[in-house]
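# Residue-level structural notes
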Amino acid sequence: MTAVFSHGRLRLYLLKLLDGGPKHGYELIRLLEDRFLGLYAPSAGTIYPRLQRLEVEGLVSHTAAGGRKVYEITDAGRAELRQRADELATLESDITASVEDLSALAGEIRTEVRGSVRDLKRELREAARQTRQARWAPPSPTTRPPSNGGPRPTAESPLLAEFDQRLAAFTVEVGALVRAGRLTDTQLRTAIRLLDGALDGLRRLLR
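## Description of the packing of helix H1 (residues 9–18) against helix H4 (residues 75–83)
- H4 packs onto H1 with a crossing angle of 115° between their chain directions and a minimal axis gap of 10 Å. The angle between the axes of H1 and H4 places the two elements in the roughly perpendicular class. In terms of crossing hand, the pair formed by H1 and H4 is left-handed. Residues Arg 11, Leu 12, Leu 15 and Lys 16 of H1 touch H4, and the partners they reach there are Gly 77, Glu 80 and Leu 81.
- Classifying every residue of the contact of H1 with H4 by side-chain character gives 3 nonpolar, 1 polar and 3 charged.

Encoded structure:
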C-alpha cells in the first residue's frame with residue numbers, strides 16, 4: 001500500500017469514493033488506480049478488509065447484485081466525511097504530490113531502461129560485427145582451431161542469419177514495451193537487471 005494511505009487514511013478515501021454513489025470493490029480499485037494515473041492500484045486483499053471494517057462500524061452497507069457486493073455509504077459515513085473534511089483535503093493534496101513523485105520516478109526508470117536497451121543493442125551489434133570479421137578473415141597458419149573443435153561457419157551461415165533476426169526482433173519488441181508505458185516500476189527494475197545480466201554475459205563471451 002502506498003505510504004500516502006498510512007494511518008487509516010485509505011478508509012477515509014474509500015468513504016469519499018462511495019459518497020459519489022454505490023460501488024463494488026473492483027470499481028473502487030479501478031478508481032484508485034485512475035487517481036494515481038495507473039502508477040498504483042491497491043489489491044483486493046487491501047480493499048475488502050477495510051470495506052468490511054467500515055461496514056462493522058456502520059459507515060457503509062452492502063447489497064448483493066449480480067453475485068457481487070455493492071457498497072454504499074450510510075448517513076453515519078457521510079457524517080464522518082463532514083467531520084474530517086479538512087483531513088480529506090490534506091489527503092487529496094498528498095495524493096497529488098505522491099502522483100507527481102511516482103510519475104517522476106517512473107520517468108527516470110524508463111530513461112534508465114532505454115539506456116540499457118541502447119547499450120545492449122550496441123553490444124549485440126559489436127558482437128555481430130566481430131563475428132563477421134572473424135568469419136571473413138583468411139585463416140592464419142598459426143591460428144588455432146576453435147576451442148570447441150568445430151569448423152567456423154561461413155558468412156552465409158544460417159546461425160548468423162538467425163542471430164541477425166533475433167537481434168532485430170528483440171530490439172523491436174523491447175522498444176515497443178518501453179514506449180507503451182505499461183510496465184510497472186517493479187517490472188522496469190526487473191527489466192533493467194535482466195538487460196544488465198545479458199550485457200555481462202556478452203562481455204564474458206567476447207573476452
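## Some remarks on the pairing of strand E3 (residues 68–73)
- Of the strand pairs in this sheet, strand E1 (residues 23–24) and E3 are connected by 2 bridges, and their pairing is antiparallel. Pairing of Lys 23 across the sheet is with Tyr 71, part of E3.
- Pairing between strand E2 (residues 60–65) and E3: 6 bridges, direction antiparallel. Residue pairing across strands places Ala 65 opposite Arg 68, the latter belonging to E3.
- Counting the residues in the hairpin turn of E2 and E3 gives 2 residues, including Gly 66, whose phi is positive at 60°.

## Quick look at the pattern of salt bridges
- For the structure on display, the rule yields 11 salt bridges.
- Ionic pairing is found between Asp 75 and Arg 78, a salt bridge with its closest N-O pair at 3.6 Å. Here the residue Asp 75 and the residue Arg 78 both occupy positions in helix H4, the gap between them amounting to 3 residues, near one helical turn.
- Under the relative-accessibility criterion, Asp 75 is labelled exposed at 63%.
- Each of Arg 11, Arg 53, Glu 57, Glu 80, Arg 84 and Glu 87 takes part in salt bridges that share partners, so that together they form one network.

## Some words on the side chain of Glu 92
- If you trace the backbone, Glu 92 turns up in helix H5 (residues 85–136).
- Filtering out sequence-adjacent residues up to four positions away, Glu 92 remains in contact with Tyr 13, Lys 16 and Arg 35.

About the thresholds
All chains use their own residue numbering, which begins from 1 and follows the written sequence. pLDDT decides what is reported in this predicted model: residues at 70 or higher carry local features, side-chain atom pairs at 80 or more are listed and counted, and totals for whole chains, interfaces and linings draw on all residues regardless. The side-chain quantities take in all heavy atoms of the structure and omit both hydrogens and water. The axes are straight lines fitted to the C-alpha atoms, using for helices just the contacting stretch, and the angles between their N-to-C directions are given from 0 to 180°. A run of DSSP states H or I qualifies as a helix once it reaches four residues; a run of E qualifies as a strand once it reaches two. Both are numbered from the N-terminal end. Should an angle fall under 35 degrees it is called roughly parallel, over 145 degrees roughly antiparallel, and 65 to 115 degrees roughly perpendicular, with every other angle called oblique. Crossing handedness is defined as follows: a turn of the near helix away from the far one that is anticlockwise and smaller than a right angle gives a left-handed crossing, while the clockwise case is right-handed. Note on contacts: a residue pair is in contact if any heavy atoms of the two residues lie within 4.5 Å. Amino acids outside the nonpolar list (Ala, Val, Leu, Ile, Met, Phe, Trp, Tyr, Cys, Pro) and the charged list (Asp, Glu, Lys, Arg) are all regarded as polar, and Gly is one of them. Here a strand pair is declared whenever DSSP counts at least two bridges between the two strands. Here, a salt bridge means any Lys or Arg side-chain nitrogen found within 4 Å of an Asp or Glu carboxyl oxygen. Relative accessibility under 20% of the residue-type maximum defines a buried residue, over 50% an exposed one, and the middle range a partly exposed one, all with a 1.4 Å probe and only protein chains included.

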